[in-house]
Amino acid sequence: ATDFTDILFGTPKPIHSRATLGVLREDEVNVVVRGHEPTLSNMVVDACMDPELIEYAKTKGAKGINVAGLCCTANEILMRRGIPSAGSFLEQELAILTGTVDAMVVDVQCIMEALQGLSEKLHTKLITTSAKAHVAGATHMQFDEHHAWDVAKQIVKTAIDNYPNRKRVKLPTKSTVGNMVAGFSHEYIEYMQGGKFRGSFRPLNDAIMDGRIMGVAGVIGCTNPRVTEDFGHNYIVEEFIKNDILVVQTGCGAVANAKYGLLTPEAIEKAGPGLREVCEAVGIPPVLHMGSCVDNSRILTVMTAMVEEGGLGDDISDLPVVGLAPEWMSEKAVCIAGYFVASGCYVICGVDSPVGDSKIVTGLIDNFWEEQVGGKLHF
């Protein structure tokens, strides 16, 4: 699915953007897209840039149209188009509470049912778009790929018409907008290590074999209301890079780190001497944003290329790599963990284990899986 999305919308390459609620604007129509359907989100972005709709927004008193993402869809349009992120999974209610979101456009998964009741207390139009996911009381505008442009324009027009209905606006008083560099596809990671004609994973393997980089950690997954938001992601990533471990990220975990400035080249100030040397030589941050939560196949492709390059072992299970989801909360996070284990990775999921009371299941996902496929799962 990631490969198909790249074919449709382009393979990501490094791009500057921002994260946190500060990307919402008081004097413009704010359209927030969220969910997991990249075709919808890309078309809404196009519609927000339509000159005709921008002029229409000005007739309603707005200076223009601002589009932002939330959760996973945010990463789809961020990676390819630089559209800023208003936050991760746990910011969806806070975005509406600012009073500036004129339309929140949702499709499937990670959508809180409470959004409609909250929207009614302010002015936000909650617009559902998928035949598979309706919310009672919300405005439903069925997205159809065959009429994508027309549907996207109608969605944005609905947001514009709602702009004059704002009741109160309360944006963050401080300009705490986290800068970030995103867009590190596996193709670009190969390219940046040697250019167009000499791109390979040899420099990364050599850096690990020379001891300048101790290993690679994939820190991914959701944000979870059962723990202090973002703490697990930021603490463990800072510890990794301090100890010369390169970090790759996807999903809401990447947004969590972006808010704290860990996805910028300046973050090398927090890196250990070996990792810092490599990052400065290549010109990259010590934490690489590789896409949405459903783009983890990019990470597996990188690991496969490392094995094929040689020198670190004959299988993914031989590599000095680990996968972590410190604040997982969605069932898809465990599915992702499962296929990483099946590929030979050691994976750790934070919070609580849903199978911890069963010694049999716990033994299977630890010892038996490792014997069969080389990877294992710990909670």
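Residues numbered from 1 in each chain as written. Predicted model: local features only at pLDDT ≥ 70, side-chain atom pairs only at ≥ 80, totals over all residues. Heavy atoms only, no water.

Caption draft 1: Region of interest: the overall build of the chain. Each helix and strand in the chain was counted, giving 16 helices and 13 strands. The C-alpha radius of gyration of the chain comes to 21 Å, within 12% of the 21 Å expected for a compact globule of 379 residues. Expressed as lengths along the three principal axes of its C-alpha atoms, the size of the chain is roughly 65 × 50 × 40 Å. A buried classification covers 56% of the 379 residues belonging to the chain. Sequence separation of 24 or more characterises 73% of the internal contacts of the chain that already satisfy a separation of 6 or more. Accessible area of the chain: about 16100 Å², with a carbon and sulfur share of 54%. (Helix = DSSP H or I, 4+ residues; strand = E, 2+ residues; numbered from the N terminus. Rg over C-alpha atoms; globule rule 2.2 N^0.38 Å. Buried < 20%, exposed > 50% of the residue type's maximum accessible area, 1.4 Å probe, protein only. Contact = heavy atoms within 4.5 Å. Areas by Shrake-Rupley, 256 points an atom, 1.4 Å probe, with all protein chains shown as cover.)

Caption draft 2: The packing of aromatic side chains, seen in detail. A full pass over the atoms with the stated rule returns 5 aromatic pairs. With a centroid separation of 6.4 Å and 70 degrees between ring planes, the pair formed by Phe184 and Tyr188 is classed as edge-to-face. By relative accessible area, Phe184 is classed as buried at 3%. The partly exposed category is assigned to Tyr188, whose relative accessible area is 24%. Considering the side-chain rings of Tyr188 and Tyr191, the 5.2 Å spacing of their centres and the 55 degrees angle between planes classify their relative orientation as tilted. One end of the pair, Tyr188, and the other, Tyr191, are both in helix H8 (residues 186-191), 3 residues apart, so they sit about a helical turn from each other. (Phe/Tyr/Trp six-rings, centres within 6.5 Å; stacked < 30°, edge-to-face > 60°.)

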